[in-house]
Amino acid sequence: MEQIQFNIKERKTKVILPETLGFGKFFTDHMFEMDYNQTDGWHNPVIRSVEDLPVHPASMFIHYGQAVFEGLKAFRQDSGDIVIFRPDKHFERLNNSSRRICIPEIDIDFVIDALKELINIEKDWIPTKHGESLYIRPFIFGADAFLGVKPAKEYKLILLLSPVGAYYPEGFKPVKILVTDEYVRAVRKGLGDCKTPANYAASLLAGQEAVKKGFTQVLWLDGVEQKYIEEVGTMNIFINLKNEIVTPKLNGSILPGVTRRSVIEILKDWNMKIVERDITIDEVVNAYDKGNLIGVFGTGTAAIISSVGWLTYKNKQMIFNNGKPGELDLKLFNELTSLHYGMKNDTHNWLTLVEQKEVVVS
Ligand SMILES: Cc1ncc(COP(=O)(O)O)c(C=O)c1O
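Residues numbered from 1 in each chain as written. Predicted model: local features only at pLDDT ≥ 70, side-chain atom pairs only at ≥ 80, totals over all residues. Heavy atoms only, no water.

Colleague: How would you sum up the overall build of the protein chain? Please name residues and give values.
Modeller: A tally of helices and strands in the protein chain yields seven helices and 18 strands. For 362 residues, the compact-globule formula gives about 21 Å, and the C-alpha radius of gyration of the protein chain, at 21 Å, lands near that figure. Its C-alpha atoms give the protein chain principal-axis dimensions of roughly 65 × 50 × 35 Å. Of all 362 residues assigned to the protein chain, the portion counted as buried reaches 52%. By sequence separation, contacts in the protein chain at least 24 residues apart represent 73% of the contacts at least 6 residues apart. (Helix = DSSP H or I, 4+ residues; strand = E, 2+ residues; numbered from the N terminus. Rg over C-alpha atoms; globule rule 2.2 N^0.38 Å. Buried < 20%, exposed > 50% of the residue type's maximum accessible area, 1.4 Å probe, protein only. Contact = heavy atoms within 4.5 Å.)

Colleague: Lay out the packing of helix 2 (residues 87–100) against helix 3 (residues 108–121) in plain terms, naming residues and giving numbers.
Modeller: Running from N to C, helix 2 and helix 3 cross one another at 125 degrees; their axes reach a closest spacing of 10 Å. Relative to helix 3, the element helix 2 is oriented oblique. Both helix 2 and helix 3 take part in a crossing whose hand is right-handed. Here helix 2 contributes P87, D88, F91, E92 and N95 to the contact with helix 3, which in turn contributes I108, V111, I112 and L115. Here the contact of helix 2 with helix 3 is built from residues that sort into six nonpolar, one polar and two charged. (Axes fitted to C-alpha atoms, helices over the stretch in contact; angles between N-to-C directions. Parallel < 35°, antiparallel > 145°, perpendicular 65-115°, else oblique. Left-handed = near helix turned anticlockwise from the far one by under 90°. Nonpolar A, V, L, I, M, F, W, Y, C, P; charged D, E, K, R; others polar.)

Colleague: Provide a residue-level description of the site of the ligand, including the pertinent values.
Modeller: Taken together, 16 residues lie around the ligand, and Y200, E231, V258, T259 and T301 are the ones closest in. Between an oxygen atom of the ligand and a side-chain N or O atom of K195, the distance comes to 2.8 Å. If the ligand stood free it would expose 380 Å²; the protein chains cover 95% of that surface. Those elements giving two or more residues to the shell around the ligand turn out to be helix 2, strand 12 (235–241), helix 5 (258–269) and strand 15 (293–300). Residues belonging to the shell around the ligand are distributed by class as follows: four nonpolar, eight polar and four charged. (Near = heavy atom within 4 Å. Polar contact = N/O pair within 3.5 Å; in protein donor to acceptor, adjacent residues only side chain to side chain. Areas by Shrake-Rupley, 256 points an atom, 1.4 Å probe, with all protein chains shown as cover.)

Colleague: Give me the side chain of D144: which residues, what numbers.
Modeller: Note on placement: D144 falls in the loop between strand 7 (133–142) and strand 8 (155–164). Put simply, D144 is tucked away with no salt bridge, and the nearest opposite charge, on K150, sits 5.9 Å away. Of the polar contacts made by the side chain of D144, one reaches the backbone nitrogen of E154; its length is 2.9 Å. If we skip the residues at most four places from it in the chain, D144 touches A58, S59, M60, A152, K153 and E154. (Lys, Arg positive; Asp, Glu negative; His and termini not counted. Salt bridge = Lys/Arg side-chain N within 4 Å of Asp/Glu carboxyl O.)

Colleague: Let's hear about the packing of helix 5 against helix 7 (residues 327–340): which residues, and what values?
Modeller: At a minimum axis separation of 11 Å, helix 5 and helix 7 run at an interaxial angle of 105 degrees. If you check the angle between helix 5 and helix 7, you find them roughly perpendicular. The segment helix 5 lies against helix 7, with T259, S262, V263, I266 and L267 engaging L328, L332, E335 and L336. Tallied by class, residues from the contact of helix 5 with helix 7 come to six nonpolar, two polar and one charged.

Colleague: An account of the pattern of salt bridges is requested, with residue identities and associated values reported.
Modeller: In total, this model carries 25 salt bridges according to the counting rule given. A salt bridge links D35 to K156, with the nearest nitrogen and oxygen atoms 2.8 Å apart. One end of the pair, D35, is in strand 2 (residues 30–37); the other, K156, is in strand 8, with 121 residues separating them in the sequence. The pair formed by D35 and K156 is uniform in burial state, with each residue classed as buried. Here R185 makes a salt bridge to E231, at a shortest N to O gap of 3.0 Å. Within this pair, whereas R185 is found in the loop between strand 9 (175–180) and helix 4 (197–212), its partner E231 is found in strand 11 (residues 229–232), the two being separated by 46 residues in sequence. Comparing R185 with E231 shows no difference in burial state: the two are buried.

Colleague: Lay out helix 5 with the relevant residues and their values.
Modeller: Between its terminal C-alpha atoms helix 5 stretches 17 Å, which fits the 16 Å expected from 12 residues at 1.5 Å a residue. Taken together, the buried positions of helix 5 are V258, T259, R260, S262, V263, I264, I266 and L267. (Expected span 1.5 Å × (residues − 1).)

In structure tokens form, the structure reads like this:
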């Protein structure tokens, strides 16, 4: 692979982060970009300023949705170290998503090294308070101008960085969830286990209608029978039953979450019974009626852990822990965030250190 070109602009002023960062609203000065064509493969890796992209109106991703993306985070620890949470797993998933929709795979080690270089250049953009982080958005899209359904011949990979605030600025707060049997997010053998825009487009109307009814998000049932639990919003889901914790087994229509995988490993460390299996919404309702359901929570990079306080399915309303965060949910949230900010040892080797070095401005 070629050497990365550095096209870095010197900042005349210091980076001053806004008091309220929110999510996905601010971007750092530079991004990483790399192109693909059939002759050169992935080539032309460059770190350069974030600018609008020249996009031809016939660019294939706009018409046929041939694009994949990821979402991961870097944290500034109390010691000053900068770490990225499980980048290998995120880029493996990016390649898995790419394979499914005919996008050429990337060299994971090369791209992680490029990401480390980019983060080092943009390190002043990393917020320091606990809960805050640098959100990383890698994405690839089919770029050539052509009308007609077939895989593109040219692609662009971009790594974009966005400083983000704490997901729970007012403390860990449970969410209100509506089980939708009117819409489905994905079907088995379709695209559900890929992080590709189509799945998010498919989810918008259900989410919007749920918000209008006073809910935070929807719980997705399977796309065939609307019987089995799949995901909650854009998170994986865990059902905390009295004698076991269940998360739906990966079946092709569920995104294999990196947080999901980490939570499973932590629960195993704690000697708790965690089972990956199919679970129906009826089983959840029955367990609730029998007093065997302790709680429900979601897992994902953005929120880390999201406690479900209220769950509504048809005319049935379930409330957990009087709408307060579940004990296990909070314990998991604290475990993962302690690890992110360096208050716990990284026994699993989940953190990748970004070496901090002098930035050479061209
Ligand atoms: C549909 C969907 N499910 C689950 C997740 C959780 O995945 P992760 O824990 O890797 O962020 C995400 C977020 O990426 C998502 O978009």
